[in-house]
Number of protein chains: 6
Amino acid sequence: MIILSRKASFSAAHCLANPEFDHAKNLQLFGDCSNPSGHGHNYSIEVKVAGVPDRDTGFVADLSKLKTVIHEIIVKKCDHKNLNTQVDFLKGVIPTVENLAEKFYEQLLPEIKKITRAGLYSVMVKETENNYAEYRSKIESCF
Amino acid sequence: MIILSRKASFSAAHCLANPEFDHAKNLQLFGDCSNPSGHGHNYSIEVKVAGVPDRDTGFVADLSKLKTVIHEIIVKKCDHKNLNTQVDFLKGVIPTVENLAEKFYEQLLPEIKKITRAGLYSVMVKETENNYAEYRSKIESCF
Amino acid sequence: MIILSRKASFSAAHCLANPEFDHAKNLQLFGDCSNPSGHGHNYSIEVKVAGVPDRDTGFVADLSKLKTVIHEIIVKKCDHKNLNTQVDFLKGVIPTVENLAEKFYEQLLPEIKKITRAGLYSVMVKETENNYAEYRSKIESCF
Amino acid sequence: MIILSRKASFSAAHCLANPEFDHAKNLQLFGDCSNPSGHGHNYSIEVKVAGVPDRDTGFVADLSKLKTVIHEIIVKKCDHKNLNTQVDFLKGVIPTVENLAEKFYEQLLPEIKKITRAGLYSVMVKETENNYAEYRSKIESCF
Amino acid sequence: MIILSRKASFSAAHCLANPEFDHAKNLQLFGDCSNPSGHGHNYSIEVKVAGVPDRDTGFVADLSKLKTVIHEIIVKKCDHKNLNTQVDFLKGVIPTVENLAEKFYEQLLPEIKKITRAGLYSVMVKETENNYAEYRSKIESCF
Amino acid sequence: MIILSRKASFSAAHCLANPEFDHAKNLQLFGDCSNPSGHGHNYSIEVKVAGVPDRDTGFVADLSKLKTVIHEIIVKKCDHKNLNTQVDFLKGVIPTVENLAEKFYEQLLPEIKKITRAGLYSVMVKETENNYAEYRSKIESCF
């Protein structure tokens, strides 16, 4: 079994706050990240698919198609945007690195299925050199 | 399920030798690393917790608390120290990258439990650009 | 002559637009970067001083003091902030990577002078893996 | 359980094409990568073994022996070579990053067994900053 | 004065040999790099311009235009190509990292002049993590 | 004019203290770095030569010879050593990153002259991701 990974990146603004709470509580929960004027990151995203290589091509997935899917579904919608207000599939979502990983996984899953028989193993989102979250499907149990 | 990772780093000296063996045997087993005058590394450590995001915060764990725990339990005790002689929980331990990963995991586990319901998935210790060890708990079987 | 460099980093939001122009002109000049809702980056900053090592310490500058100055003068004011609206010394400045380098240099210069006889050689600001600007003083001509 | 990883690198040329297909079909399947004059990469390879530390040494595997095995079995044969025509164990193999990971795993497995009781957990091959493939054995199910 | 840098990358094959010499002499001069079947690299290129920021934009140069120029003049012609045989402006040039830096500078200079009043300070070409060459103009003397 | 750079790395222990001062004064001057039990780093070193490419080879310097010189003169003597006590040319030198850059430059200069007509432009020593020192000769004034 092979895990094939493709990386992409984008730059975006965000702010961490739960709209159901007041600013004082958000400040307590999210610290500096709750600054309502926002801050931002250079995000990197790794999309990992798992499967066996195709006999004709040696591909688990066509990396150029994978690149295109990641660009169309994630990068084009998030790059140079405010993640709290300008991305349709993130409406109502607190844009923590954990939630981003899960939402990106959900968005990518149906499109990945169109370009490869390999499964979508995980989506990793890196917010800084020090922090990342990886959302993993249950596929691991098949190994 | 989400794996959330936080990285930290410290600089330390160490020497690889088994005190039960003489220098000739240590030289044979550990090569240059057995130099009794010591050598050192810029270590980086990645602490990975696994769980589901909290509904109120979108956090698997609060990264700022995780940062504090790693700093208090590992970095403050190891940074600018000699790992063979100056770290209490490493007394009697040959400070290979494998043993460091395991001992750091043991030290972190009870403190991580205090700040998150997520499980401590693994602790990775990187000694150079080329070498790392990752100690993993059994939690993976739950995925 | 020795150039000594210290790196720091912060995460911030910004938007590129000249307030004297309308949105259409700003869009033409700054493209995606003119998004009024903002975007953001993980900035890294390298502060370089040039001089000769002190005989007693072997230091061109005390790196721990340099770290403190960079933190107090730049990081504390910019980290998790909106560079267009929340940083006093950037008021009225279009926060391009070039302008940030120059303004950071101006802010650091008097404080660096208090901690070392070495000259402030340059300040480099990196906005993404692909883009950086370095503001250099005339000190190079002394080499 | 500990995963211990050792990295190495080499520079090589390759071209992606299935010799059973004509150039038009290869161009369609492999795009720019099918250029018959070749292109190339700085490859990096991570070899991961999984096991428990030896009591006498604290080693899951002796990293200097692991380094030697990777050099002899992979780097010496691939570095500054054309992967399509000059590597014995890649004859008849389309050198995609997926196939390289699998073939390197096969080549390394018997030699790794000679130097450690730990299992060969995976071999990861990175072709560019954005693309990698990791071939994993079934050993994960034992965790 | 500000130096503004933009990075790009491409993957290519090359072989180091002087066509005026026989293979034995080329092997002696260029070692493994003279393998006639070629090898390859992930090249990165940094293009640095030097000037003062424009008052209206805060730009020394428009980074998006700079990106386009580097792509059109260098990346599109070199990516997934054989540098010895498939790049018009490298015909008859031994593609050492030094010669690439000089030839890229020559190609970029007239195009950079069309998009900025800033001078072309240098072009740096990185062949591996360990090797790079930077071609610098005389502009430094103006600082 | 071209600057050609070659990187190497080594791991070593050191301690910062002036033997003419007592421990209290050293602690005040050098902080944690004065720990007499030592600490350590993964050092990287970049050696930069400046000149014009040779017509027959396209080389400013033969990178494989440069690699050998750096290995023989610096890496072999410093790797897995204690820089305070085990390196002949560092006897009596406080091993700050600034002093290392200068001493490495002095050691390399006569050997570099044997392998290239290019000048030794600078030696950069990186102690951590955040700190480096670069010792530059006067050669820059010739540009």
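Residues numbered from 1 in each chain as written. Chains lettered and ligands numbered in written order. Predicted model: local features only at pLDDT ≥ 70, side-chain atom pairs only at ≥ 80, totals over all residues. Heavy atoms only, no water.

Asks: Let's hear about the interface of chain A and chain C: which residues, and what values?
Replies: Contact residues are listed per partner, giving 19 residues for chain A and 19 residues for chain C. Buried surface at the junction of chain A and chain C, summed over both partners, amounts to about 1,400 Å²; 45% is from carbon and sulfur atoms. Of all residues in chain A, the largest losses of buried area upon contact with chain C belong to Ser37, Asn42 and His80 of chain A, amounting jointly to 38% of the total for that side. At the surface where chain A touches chain C, the tally comes to zero salt bridges. One can count 17 residue pairs in polar contact (both at pLDDT 80 or more) joining chain A with chain C. For the side of chain A that touches chain C, the element with the highest residue contribution is strand E2 (residues 39-51) of chain A, accounting for four residues. Its residues placed into classes, the side of chain A that touches chain C shows three nonpolar, 13 polar and three charged. (Contact = heavy atoms within 4.5 Å. Buried area = accessible area lost by both parts, 1.4 Å probe. Salt bridge = Lys/Arg side-chain N within 4 Å of Asp/Glu carboxyl O. Polar contact = N/O pair within 3.5 Å; in protein donor to acceptor, adjacent residues only side chain to side chain. Helix = DSSP H or I, 4+ residues; strand = E, 2+ residues; numbered from the N terminus. Nonpolar A, V, L, I, M, F, W, Y, C, P; charged D, E, K, R; others polar.)

Asks: With reference to specific residues and values, describe the pairing of strand E5 (residues 131-136) of chain F.
Replies: Among the six residues in E5 of chain F, six count as buried, and that is most of the element. By the alternation rule, side chains of E5 of chain F split into Asn131, Ala133 and Tyr135 of chain F and Tyr132, Glu134 and Arg136 of chain F, which are all buried. Of the pairings in the sheet, the one linking strand E1 (residues 2-14) of chain C to E5 of chain F comprises five bridges and is antiparallel in character. Its bridge partner being in E5 of chain F, Ile2 of chain C is matched across the sheet by Tyr135 of chain F. Relative to E5 of chain F, strand E4 (residues 119-126) of chain F runs antiparallel, the two sharing five bridges. Opposite Met124 of chain F, over in E5 of chain F, you have Glu134 of chain F as the bridge partner. Between the end of E4 of chain F and the start of E5 of chain F, which pair antiparallel, lie four residues. (Buried < 20%, exposed > 50% of the residue type's maximum accessible area, 1.4 Å probe, protein only. Pairing = 2+ DSSP bridges.)

Asks: Before we move on, could you go through the pairing of strand E2 (residues 39-51) of chain C and cite the residues and values that matter?
Replies: Residues and elements named next belong to chain C. Of all 13 residues making up E2, 13 are buried, and the element is well covered by its neighbours. Neither face of E2 is left uncovered, since the one carrying His39, His41, Tyr43, Ile45, Val47, Val49 and Gly51 and the one carrying Gly40, Asn42, Ser44, Glu46, Lys48 and Ala50 both have all their residues buried. Bridge count between E1 and E2: 13 bridges; the pairing is antiparallel. Bridging across to E2, Ser11 finds its partner in Asn42. With seven bridges connecting them, E2 and strand E4 (residues 119-126) associate as antiparallel partners. Residue pairing in the sheet places Ala50 in a bridge with Gly119 of E4.

Asks: How would you summarise the relation of the copies chain A and chain C if you had to cite specific residues and measurements?
Replies: When chain A is brought onto chain C, the operation consists of a screw motion whose angular component is 180 degrees and whose axial shift is 0.0 Å, with 0.0 Å RMSD remaining. The operation mapping one copy onto its partner corresponds to a two-fold rotation axis. Taken as a fraction of all interface residues of chain A, those also at the interface in chain C reach 100%, which identifies the copy contact as same-surface. (Least-squares fit on C-alpha atoms with pLDDT ≥ 70 in both.)

Asks: Please give an account of the packing of aromatic side chains that cites residues and values.
Replies: Residue and element names in this part refer to chain A. In this structure the tally under the stated criterion is 30 aromatic pairs over all chains. Each member of the aromatic cluster is reached from another via a ring pair, and the members are Phe10, Tyr43, Phe89 and Phe104. The residue whose ring lies beneath Lys25 is Phe21, and the NZ or CZ to ring-centre distance is 4.2 Å. (Phe/Tyr/Trp six-rings, centres within 6.5 Å; stacked < 30°, edge-to-face > 60°. Lys NZ or Arg CZ within 6 Å of the ring centre and 35° of its normal.)

Asks: Could you give me a rundown of the interface of chain B and chain F, with the residues and numbers involved?
Replies: On the chain F side, the residues contacting the 19 residues of chain B number 19 residues. Both faces considered, chain B and chain F share a buried interface measuring about 1,400 Å² in area, 45% of it formed by carbon and sulfur atoms. Counting across the interface, chain B meets chain F through zero salt bridges. Applying the counting rule to chain B against chain F returns 17 residue pairs in polar contact (both at pLDDT 80 or more). When residues of the side of chain B that touches chain F are traced back to their parent elements, those giving at least two are strand E1 (2-14), strand E2 (39-51) and strand E3 (81-82) of chain B. Here the side of chain B that touches chain F gets four residues from one element, more than from any other, and that element is E2 of chain B. Split by residue class, the side of chain B that touches chain F holds three nonpolar, 13 polar and three charged.

Asks: Give me the lowdown on helix H2 (residues 63-78) of chain C, citing residues and values where you can.
Replies: Residue and element names in this part refer to chain C. Here H2 spans 21 Å end to end across 16 residues, near enough to the 22 Å set by a 1.5 Å rise per residue. Largest kink in H2: about 45 degrees, centred on His71. Taken as a whole, H2 has its buried residues at Leu63, Leu66, Val69, Ile70, Ile73, Ile74, Val75 and Cys78. Positive backbone phi, at 60 degrees, marks His80, one or two positions downstream of H2. (Expected span 1.5 Å × (residues − 1). Bend = angle between axes of the 7 residues up to and from the residue.)

Asks: Provide a residue-level description of the environment of His39 of chain A, including the pertinent values.
Replies: If you trace the backbone, His39 of chain A turns up in strand E2. Overall, the relative accessible area of 0% leaves His39 of chain A in the buried class. Each C-alpha atom of the pair His39 of chain A and Ala13 of chain A lies 5.4 Å from the other, and the pair is 26 residues apart in sequence. Those residues within four positions of His39 of chain A in sequence are excluded, and the remaining contacts are Ala12, Ala13, His14 and Cys33 of chain A together with Ser11, Ala12, Ala13, His80 and Lys81 of chain C. A polar atom in the side chain of His39 of chain A sits 3.5 Å from the side chain of His41 of chain A.

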